[in-house]
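Take a look at the letters that make up each chain.
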Amino acid sequence: MATSPDRLPPTLSFGGGHAVLDPATGAPQRFIDDEAPDRTFLLDPATVTWHGAAHQWGTGHIVTDRGSTRWHTPHALRVRPGEVRADYRLVADLELCVRRTVSPDRIVERYVVRNTGSEPVMITGLGIQTPFADLYEGAERALARAVHAHVFTGGSWAWVLAQPMSGTGRSLGLIVREGALHAYAVESRNKDSLSNVRGHLVLLATDHARNPEAFGGQPTLELAPGQEAAVVWELGWYETADAFLAHTRPPATLSAYAAHVDGDLVIDGARDVACLDPRMTVVREGANRHRLSASAHDTYALHVDGSARTEVLFHLPLREMVQRRARIIMEKHRARERPGLRGHAFLPVDTRTGLTHQEGGWADWSDGSERIAMPILLQLATTRGWLSEECTEPLLDGWAQFAAAHLLDSTAAPRRGSDLHHLGPRLYDAPWLAQFFHDRFNLTGDDGHLCLAARILERNFELGGREHLSLTLSQTALAVASSLAAGGDHRRADGLRGNILDSARYFVKAGRQLPHHEVAYEQSMVAPLLDLLIDAHRLTQDTQFSRAIEERLPWLLAFSGPQPHVRLHGVAIRHWDGYWFGAQRLWGDVFPHHWSTLTACTLRRLPADLRTTTTDRLAEHILAANMANYREDGSATCAFVMPSAVDGRAAHMADPLANDQDWHLTLWMRSTEEEAASSAPTERPH
């Protein structure tokens with residue numbers, strides 16, 4: 001069915017919006033919210049070079065014991081007002097019928113595979129393309145046009161919420177009403193698309209052929225002669241995430257998604273809850289109430305009422321995990337074989353072999369940058385009395401000498417690693433090094449460490465730090481300023497505070513035009529932006545900063561989806577660090593990612609009029625969820641790559657490299673200390 005040049009493409013109207021259809025396939029090319037017509041809910045092949053017809057909405061693939069194929073162009077297509085029917089011939093005796101129909105406020109899509117032959121067919125892969133416009137073309141464009149696709153493939157409980165990145169405006173929600181989605185995959189994530197895109201999202205009824213153990217196990221679908229398998233979902237517009245969640249008609253509610261190993265979780269509303277892991281105990285407490293407990297630190301896949309599924313976590317307390325993690329760091333992550341001061345460095349470790357991982361010129365495996373979290377963790381835990389100073393002091397003293405000699409140049413500018421001088425200064429590293437030396441001052445009382453911490457921060461601002469959203473910069477600068485002022489050096493203290501205020505004013509004026517950092521836009525730009533504004537407001541009580549915080553808070557919250565799953569609920573989307581930091585070099589969503597902890601810490605720092613029970617609970621969950629990155633013995637992963645497959649490679653796995661994940665524990669400890677001190681008077685600049 002073709003359209004003439006003077007004829008518009010066919011559309012399906014629903015709920016104050018419409019879908020623009022491809023005349024050749026009957027598939028949606030665009031979903032348009034009439035209230036925000038410039039927002040792009042689907043990738044646009046006119047502007048996204050790696051997106052084309054092969055990944056159009058509703059195309060897909062099937063893998064069977066009789067052969068495999070992809071579908072795109074139907075052999076028969078009928079488009080009528082309010083209805084589209086597309087028929088496809090697949091493999092052997094399998095046919096696919098796709099129907100799109102409209103109710104007043106919904107589009108209903110039915111994908112029905114039918115066995116027309118005389119022999120049974122086993123399906124081990126069935127996926128449908130849903131190319132949501134989850135990409136980052138700079139902050140201004142992302143906030144105006146793009147969406148975060150919050151995916152939950154919970155079997156019959158599955159759904160996707162495509163939420164505007166600005167956190168304001170209507171979202172597009174997809175809810176499975178018949179059949180089930182047991183996984184999702186990512187395609188087009190590679191060295192060409194790089195880090196500012198999420199890729200093509202594929203919703204999977206099963207991915208058994210590629211990854212049978214993913215998401216708690218992938219089913220096989222056997223179709224007897226004449227039998228059908230269907231996936232039916234509806235699409236609609238939603239004013240709020242809460243309105244959408246209510247419409248999903250959840251089969252159960254959980255009291256929480258994570259608990260201590262000596263605690264429990266309660267599930268209400270479900271007739272049946274099952275877990276195949278013998279370490280979990282499920283106790284029925286009435287017709288629709290179950291209490292869960294577990295004997296070991298780990299995540300646990302749950303089956304709810306047979307066809308729905310999710311995952312929960314039982315974890316060790318913070319202190320105990322810090323102690324176990326510290327023991328591993330001290331035993332396995334040290335570069336003992338290196339000569340001189342370099343022997344005091346901390347390195348990534350391959351948990352499969354126990355060997356430290358060599359940098360080989362790859363900056364994200366260096367002995368600097370994110371590895372600075374390891375000595376910070378040891379020092380914070382020592383200061384708290386969680387570790388013996390007798391055991392940690394030689395390591396910390398050695399690392400301090402190593403860092404001063406090899407991770408800072410003669411001007412106190414930070415280097416990415418001891419062998420990466422050619423890369424030039426990395427502004428992100430400055431507050432981390434300053435934190436270490438300031439903590440060193442707090443532990444030892446040596447003013448030289450405080451002076452060095454101050455100089456690192458001053459050099460950071462000289463190199464452009466006022467226009468850079470370095471993680472934890474404002475908190476670190478104000479902590480160092482407070483110590484300087486307490487020692488009588490008000491000039492340097494006021495200088496640091498003044499730089500923070502200048503930076504805050506710069507970013508207030510910039511609005512949505514945030515400068516590019518190592519990627520164009522991400523959650524770990526917005527969290528330090530809010531922290532900067534929060535600290536500027538604490539210093540001045542200026543209403544321009546409180547207004548700016550309130551305006552930008554939805555940007556941060558939009559990264560965090562409401563999925564009822566421990567790895568996903570409230571955990572900010574991150575989709576590249578499996579490649580940069582991991583050993584398997586897998587792109588694809590990382591859940592939970594340790595920098596999602598930034599969101600939790602920022603929420604705990606909000607002004608009183610913006611901090612709510614909801615934000616406090618969200619922060620609590622994010623902190624707990626990141627415990628999934630550690631094993632019970634204290635070993636760890638730097639990246640759990642969530643999709644079942646990425647560009648065809650099996651994923652849904654913990655990368656074997658323990659690398660940069662320890663920021664979670666350090667941020668949690670520091671945030672707890674700040675919470676305890678929050679009632680103290682705030683120092684103002686002189």
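This one's a predicted model, so the numbers in the text were calculated from it and none came from an experiment.

Draft legend 1. Broad picture of the overall build of the protein. Helix and strand counts for the protein come out as 15 helices and 31 strands. Relative to the 2.2 N^0.38 estimate, which gives 26 Å for 686 residues, the radius of gyration of the protein is 26 Å and therefore close to what a compact globule would have. Expressed along its principal axes, the backbone C-alpha trace of the protein runs to roughly 85 × 55 × 50 Å. Residues counted as buried form 60% of the 686 residues belonging to the protein. Taking contacts inside the protein between residues at least 6 apart in sequence as the whole, the part at least 24 apart equals 65%. Carbon together with sulfur atoms contributes 50% to the accessible area of the protein, which is approximately 24800 Å² in total.

Draft legend 2. Structural view of the pairing of strand β20 (residues 265–268). Bridge analysis of strand β18 (residues 253–254) against β20 gives two bridges, and the strand direction is antiparallel. Pairing of T253 across the sheet is with D268, part of β20. Bridge count for β20 against strand β23 (residues 289–294) is four bridges, and the pairing is antiparallel. Each bridged residue has a counterpart across the sheet, and for I267 the counterpart in β23 is H290.

Draft legend 3. Representation of the nonpolar core in the model. The biggest cluster of nonpolar side chains holds 198 residues, and the ones touching the most others in it are F31, W233, L378 and Y521. Ignoring sequence-local partners within four residues, the contact set of Y521 consists of Y136, G138, A139, A142, L143, M165, N196, L514, V526, W555 and F559. Counting residues in hydrophobic clusters, the runner-up holds eight residues, among them Y579, L586, V646 and A651.

Draft legend 4. Focus on the sheet that holds β20. Reading across from one edge, β18-β20-β23-β22 is the order of the four strands in this open sheet, with antiparallel pairing throughout. Strands at the two margins of the open sheet, each flanked by one partner only, are β18 and β22 (280–284).

Draft legend 5. Highlighting helix α13 (residues 597–604). Taking burial as the measure, the eight residues of α13 include eight buried ones, the bulk of the element. Here α13 has its buried residues at T597, L598, T599, A600, C601, T602, L603 and R604. In the core, the buried residues of α13 are packed alongside α10 (523–540), α11 (543–558), α14 (613–625) and α15 (663–677).

Draft legend 6. Spotlight on the pairing of strand β9 (residues 106–115). β9 sits mainly inside the fold: seven of its 10 residues count as buried. In this sheet, β9 lies alongside strand β8 (residues 94–103) in antiparallel orientation, the contact comprising 10 bridges. Paired with S103 across the strands is R106, a residue of β9. Adjacent in sequence and paired antiparallel, β8 and β9 are bridged by two residues. Summarising the sheet, β9 and strand β17 (residues 228–238) pair through eight bridges and their orientation is antiparallel. By the bridge assignment for β17, R110 is matched with V232.

Draft legend 7. Layout of unusual backbone geometry. Note the cis peptide between F591 and P592, where omega equals -10°. Relative to the helices and strands, P592 resides in the loop between α12 (577–580) and α13. The phi angle at A412 is positive, at roughly 75°, despite the residue not being glycine. Mapped onto the fold, A412 is located in the loop between α5 (389–407) and α6 (429–444). Of the residues examined, A412 reaches a relative accessible area of 6% and is grouped as buried. Not every positive phi belongs to a glycine, and H652 is a case in point at roughly 45°. Under the relative-accessibility criterion, H652 is labelled buried at 14%.

Draft legend 8. Region of interest: the sheet that holds strand β2 (residues 17–21). The strand order across the open sheet built from three strands is β1-β2-β3, with neighbouring strands paired in antiparallel fashion. In this open sheet, the two edge strands, each paired with only one partner strand, are β1 (11–14) and β3 (28–33). The average angle at which neighbouring strand axes cross in this sheet is 15°, direction not considered. Sheet analysis places β2 next to β3, joined by five bridges and oriented antiparallel. Looking across to β3, one finds that G17 is bridged to D33.

Thresholds, definitions, all that
- Residues numbered from 1 in each chain as written.
- Predicted model: local features only at pLDDT ≥ 70, side-chain atom pairs only at ≥ 80, totals over all residues.
- Heavy atoms only, no water.
- Helix = DSSP H or I, 4+ residues; strand = E, 2+ residues; numbered from the N terminus.
- Rg over C-alpha atoms; globule rule 2.2 N^0.38 Å.
- Buried < 20%, exposed > 50% of the residue type's maximum accessible area, 1.4 Å probe, protein only.
- Contact = heavy atoms within 4.5 Å.
- Areas by Shrake-Rupley, 256 points an atom, 1.4 Å probe, with all protein chains shown as cover.
- Pairing = 2+ DSSP bridges.
- Core = buried A, V, L, I, M, F, W, Y, C linked by side-chain atoms within 4.5 Å.
- Axes fitted to C-alpha atoms, helices over the stretch in contact; angles between N-to-C directions.

Fair warning: the whole summary comes from geometry, so function is off the table for now.
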